[in-house]
Amino acid sequence: MPPSHVALSGDLHIKIVSSSFLPLVVQVSRLEGSSVHPLTTFPVYPEASALKKNLTLVRVQCGYFSRGGQYYVQIKKQPILSINSSDSETITKVIDVRWPMPQLTVTPENLKTYPENPVTSILTFAKVECLPVQNTPPSALPEFWLELHYCGHSLLNCGDGSSSEQTNKTSHQVLYSEQVRGLPGRRVFIFRCELFGLSGHYSIFLRPTSSDPAIPRTAAYVKVDWSDQFVFNVHAHSIFPCETHNGGVKVLFQYPSCILASGDRVRLFARLRANVASLAPPTTLEYIAEQKVIRGQHTLNFECHLFTERYIEYCFVYVSQSISGAVADVREDCVPTLPVS
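Residues numbered from 1 in each chain as written. Predicted model: local features only at pLDDT ≥ 70, side-chain atom pairs only at ≥ 80, totals over all residues. Heavy atoms only, no water.

Under an unreviewed UniProt entry, the protein chain has the name ZP domain-containing protein and belongs to Dendroctonus ponderosae.

Okay, structure coming up:
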């Protein structure tokens, strides 16, 4: 028999050379921790065509090798009249079952925030050809989590998906997770557009729940830029005279169709010039007010009582909120307080 095998990659074929015609009993077991768990036991009767060659061919069903690890194959030669006879001969072979290596792809790899088209990730275990046998206990099936992380503005923050790296990197935000049981030959994941609400780097990790370093893991990465669909404009050349704006200053805006229902907002800031003698006196921005943007709404009105001539200009900022609660300034438009001659 081969010294190694890849889990769920096909049946295991064993050649037994024996000059006797007695029936054989084959038992397959798996090492779990410090104990050995039997998986299957079945008799084998030599075929008539093989008797002349003293050769018996045995096939162990693929589905018994549902995960990587150390397995044992025992072959017992039993007397015909007493299958439990103590005179039986036993041969034990050890086989190293390797984990199939996963592959994770994502399409597209570069996109805009709140993308119109779905983001698709495909997980494949290329060598997997069969399913685990029925009644396989849960402990015999590997368990993974597929997770979507936001890593911030540096790809270096994404790491490789290990739990220790995620613990050390506080910038990690888990936006989505889905359990993966077993070793699927191919599985497709479709991510909702609202998951990609911030510019920066994202990572998709396949992470085993077990800390066993032998269990494979993999990752794919996505780069996200701000959407061109964010458009923002203040409908005024100056704040005063405010009465000419029909009771307030109107702001107009557009955004991607799948922003959060009521997460975005428009904030109003006022710029104050320091009272010092200087050709270019320093200025500071002071927060004045804000209004929420309801999805489907494309205009807001800031009433005249919010404005005063003590400031040199007012800045209107469109703020986008992501599903994690983080906010970012996307567009800004500043208007002088008084008309510029």
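After that view of the structure, there is still more to cover.
For the rest of this paragraph, the subject is the sheet that holds strand 13 (residues 186-191). The sheet built from three strands is open, its strands ordered 8-10-13 with antiparallel pairing. Looking along the sheet, the strands with just one partner apiece sit at the ends: strand 8 (102-107) and strand 13. If you compare each strand with its neighbour and ignore which way they point, the axes differ by 15° on average. Of the pairings in the sheet, the one linking strand 10 (residues 119-125) to strand 13 comprises six bridges and is antiparallel in character. Within the sheet, the bridge partner assigned to I122 lies in strand 13 and is V188. (Pairing = 2+ DSSP bridges. Helix = DSSP H or I, 4+ residues; strand = E, 2+ residues; numbered from the N terminus. Axes fitted to C-alpha atoms, helices over the stretch in contact; angles between N-to-C directions.)

Attention shifts here to the environment of V319. In this structure, V319 sits in strand 21 (residues 313-321). In this structure V319 comes out as buried when scored by relative accessible area, which is 1%. Along the chain, V319 and G263 lie 56 residues apart, while their C-alpha atoms are 8.8 Å from each other. If sequence neighbours within four positions are ignored, V319 has contacts with D264, R265, R267, V327, A328 and D329. (Buried < 20%, exposed > 50% of the residue type's maximum accessible area, 1.4 Å probe, protein only. Contact = heavy atoms within 4.5 Å.)

A word on the state of the cysteines. All told, the structure shown has five disulfides when counted by the stated rule. The disulfide partner of C62 is C130, and the S-S distance across this bridge is 2.0 Å. Since a negative S-S torsion denotes a left-handed disulfide, the C62-C130 link at about -75° is left-handed. You can see C62 sitting in the loop between strand 5 (55-60) and strand 6 (69-77) and its partner C130 sitting in the loop between strand 10 and strand 11 (143-152), a full 68 residues away along the chain. Both residues of the pair, C62 and C130, belong to the buried class. (Disulfide = S-S within 2.5 Å.)

Its location among the elements puts Q27 in strand 3 (residues 24-32). In this structure the side chain of Q27 is engaged in a polar contact, spanning 3.4 Å, whose partner is the side chain of S29. Side chain to side chain, Q27 and T41 meet in a polar contact 3.3 Å long. (Polar contact = N/O pair within 3.5 Å; in protein donor to acceptor, adjacent residues only side chain to side chain.)

What follows deals with the sheet that holds strand 7 (residues 89-98). The strand order across the open sheet built from five strands is 1-7-6-3-4, with neighbouring strands paired in mixed fashion. Both outer strands of the open sheet, strand 1 (4-6) and strand 4 (35-44), are each paired with one neighbouring strand and no more. Recorded for the sheet is a direction-independent mean angle of 30° between the axes of neighbouring strands. As judged from the three bridges shared by strand 1 and strand 7, these two strands associate in the parallel manner. By the bridge assignment, S4 is partnered in strand 7 with D96.

Within the element layout of this structure, W99 appears in the loop between strand 7 and strand 8. Here the alpha-carbon distance between W99 and P216, two residues 117 residues apart in the chain, equals 7.0 Å. Aside from chain neighbours lying at most four places away, what touches W99 is V6, R67, G68, P142, L183, A214, I215 and P216.

Glancing now at the packing of aromatic side chains. Both the distance between ring centres and the angle between the ring planes are used here to describe each pair of aromatic rings. Applying the stated criterion across every chain yields a total of 15 aromatic pairs. Here F307 and F316 contribute two aromatic rings whose centre-to-centre distance is 6.4 Å and whose plane-to-plane angle is 50°, an arrangement assigned as tilted. Here F316 falls in the buried class, since its relative accessible area comes to 0%. Among the aromatic residues, those joined into a ring-pair cluster are W226, F230, F232, F253, Y255 and Y318. The ring centre of Y311 lies 4.8 Å from the NZ or CZ of R310, which sits over that ring. (Phe/Tyr/Trp six-rings, centres within 6.5 Å; stacked < 30°, edge-to-face > 60°. Lys NZ or Arg CZ within 6 Å of the ring centre and 35° of its normal.)

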